[in-house]
Amino acid sequence: MGPIPPELAARLDQVFSTDGLFKRLYEEITAQSFPVHSRRRIELEPKAVSISAWSPTVVPGLLQTAPYARALLREGDPRASDDEVATLVRARMARQEVLKGNSPPNFSVVICESVLRRNVGGPDVMREQLSALLAHSSQRTTVLQVMPLSAETHGLMDGSMSILTTADGPPVIYTEGIRSGTIIEDLSTVRLLARSYDVLTASALSRDASASMIRKLMEAS
């Protein structure tokens, strides 16, 4: 049996007038396919009206191409079977549905320049991934910036972070390490880290300069 098409849930809700029931069930099933430490984030993403992300090591999951994700997941677990890796890739691609549709969240992302230069999966995979980033950067609801290697020390050098804001609650922060992740809801800590993110975006390249760097790296690969 193949994966459930992401658009099927919305169609079923429309046909049966179930007020989002199938969509919620689909989101729960999708979340269960991820590690325990990241399930809360996966549950929050489809409900978010705003997502802000900082990624110093890899392209964020919401922006990864399937070949890029496959290369990462394969290296992350060399003992996994091809079917297991394929299942994980499909789950990661399903996450990206939150950025599609008629009303995607406002999405802000800062990616370290080193991520763009790191050869994940080979030249062809990286060229496709850089092209995908350019396509995302052209979306009206997305702001994609690159943090240059020449930038000075900043407050978020310790790891990746996402700020998720929903319509019915205060923002929460998800920080992630190697096979670990933490949801932060303490308001004072959220404010502190959100301020650090604001400083980060001010230190990063502009949207146009970031797109120019990505384009040059893609053409040179």
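The residue numbering used here restarts from 1 in each chain and proceeds along that chain's sequence as written. Selection of residues for local features in this predicted model requires a pLDDT of at least 70, selection of side-chain atom pairs for listing and counting requires 80 or more, and totals for whole chains, interfaces and linings are taken over all residues. Excluding hydrogens and water, the side-chain figures rest on all heavy atoms present in the structure.

Participant: Can you lay out the overall build of the chain for me, pointing to particular residues and giving the numbers?
Facilitator: Scanning the chain from terminus to terminus reveals 9 helices and 6 strands. The cut-offs for exposure are 20% and 50% of the maximum accessible area for each residue type, with area from a 1.4 Å probe on protein chains only; residues under the lower value are buried, those over the upper are exposed, and the others partly exposed. The proportion of buried residues among the 221 residues of the chain is 42%. Within the chain, counting contacts between residues at least 6 apart in sequence, those at least 24 apart form 69% of the total. Working definition: helices are DSSP H or I runs of at least four residues, strands are E runs of at least two. Numbering for both runs from the N terminus. Contacts are assigned to residue pairs with any non-hydrogen atoms lying within 4.5 Å of each other.

Participant: With reference to specific residues and values, describe helix 8 (residues 187-203).
Facilitator: Multiply 1.5 Å by the residue count of a helix minus one, and that product is the helix's expected span. Between its first and last C-alpha atoms helix 8 spans 24 Å; for 17 residues at 1.5 Å apiece the expected length is 24 Å, and the two agree. Considered for burial, the residues of helix 8 that qualify are V190, L193, S196, Y197 and L200. Along the axis of helix 8, the buried positions cluster into a sector of 125 degrees, meaning they face one direction only. Residues R191, L192, R195 and A202 are exposed on helix 8 and point more than 90 degrees away from its buried face. Along the arc lie the directions from the helix axis toward the C-beta atoms.

Participant: So what about the confidence of the model for the chain? Which residues, and what values?
Facilitator: Averaged over all residues, the pLDDT of the chain equals 86, while 81% of them reach at least 70. This stretch, residues 27-35, has a pLDDT under 50; its non-local contacts, to residues over four places away or in other chains, come to 15 contacts. Along the chain, pLDDT gives the predictor's confidence residue by residue, from 0 to 100.

Participant: How would you sum up the nonpolar core? Please name residues and give values.
Facilitator: We define the nonpolar core as a collection of buried residues of types Ala, Val, Leu, Ile, Met, Phe, Trp, Tyr and Cys that are connected through side-chain atoms lying within 4.5 Å of one another. Within the largest apolar cluster, 46 residues are counted, with the highest numbers of intra-cluster contacts made by L63, L116 and L133. The contact partners of L133, leaving out residues within four places of it in the chain, are V59, L63, I111, L116, L144 and I214.

Participant: Hey, could you go over the side chain of S108 for me, with residue numbers and the actual values?
Facilitator: Residue position: S108 is located in strand 2 (residues 106-112). Among the residues examined, S108 registers a relative accessible area of 17% and is labelled buried. Here Y197 takes part through its side chain, which lies 2.8 Å from a polar atom of the side chain of S108. In contact with S108, not counting residues within four places along its chain, are I51, S52, A53, V143 and Y197. Contacts described as polar in this section are N or O atom pairs within 3.5 Å, which, within protein, must combine one atom able to donate a hydrogen with one able to accept it, while residues neighboring in sequence count only if both atoms come from side chains.

Participant: Residues and numbers for the pairing of strand 4 (residues 160-166), please.
Facilitator: Consecutive side chains of a regular strand alternate in pointing toward one face of the sheet and then the other. Within strand 4, 6 of the 7 residues are buried, leaving the element largely enclosed by the surrounding structure. Note that strand 1 (residues 48-55) and strand 4 share 6 bridges and pair antiparallel. The residue bridging S50 from the neighbouring strand is T165, located in strand 4. Strand pairing is assigned whenever DSSP identifies at least 2 bridges connecting the two strands.

Participant: A description of the packing of helix 4 (residues 66-76) against helix 5 (residues 82-95) should follow, citing residues and the corresponding values.
Facilitator: For the pair helix 4 and helix 5, the least separation of the axes is 9 Å and the interaxial angle reads 130 degrees. On the basis of their axis angle, the class for helix 4 and helix 5 is oblique. With respect to the hand of their crossing, helix 4 and helix 5 are arranged in right-handed fashion. Residues A66, A69, R70, L72, L73 and R74 of helix 4 pack against D82, V85, L88, V89, R92 and M93 of helix 5. Here the term charged refers only to Asp, Glu, Lys and Arg, the term nonpolar to Ala, Val, Leu, Ile, Met, Phe, Trp, Tyr, Cys and Pro, and the term polar to all other amino acids, Gly among them. When grouped by side-chain class, the residues that make up the contact of helix 4 with helix 5 number 8 nonpolar, no polar and 4 charged. To obtain an axis, a line is fitted to C-alpha atoms, over the contacting stretch when the element is a helix, and the angle between two such axes runs from 0 to 180 degrees between their N-to-C directions. Between 65 and 115 degrees an angle is taken as roughly perpendicular, under 35 as roughly parallel, over 145 as roughly antiparallel, and anywhere else as oblique. The hand of a helix crossing depends on one turn: near helix anticlockwise from the far one by less than a right angle means left-handed, and clockwise means right-handed.

Participant: Report on the pairing of strand 1, specifying residues and quantitative values.
Facilitator: Extensive coverage of strand 1 is indicated by the burial of 6 of its 8 residues. Judged from the 6 bridges that link them, strand 1 and strand 2 form a sheet pairing that is parallel. Counterpart to W54 in the pairing with strand 2 is V110.

Participant: Give a description of the environment of S210 that names residues and reports values.
Facilitator: Here S210 is to be found in helix 9 (residues 207-220). Separated by 2.8 Å, the side chain of S210 and the backbone nitrogen of V146 make a polar contact.

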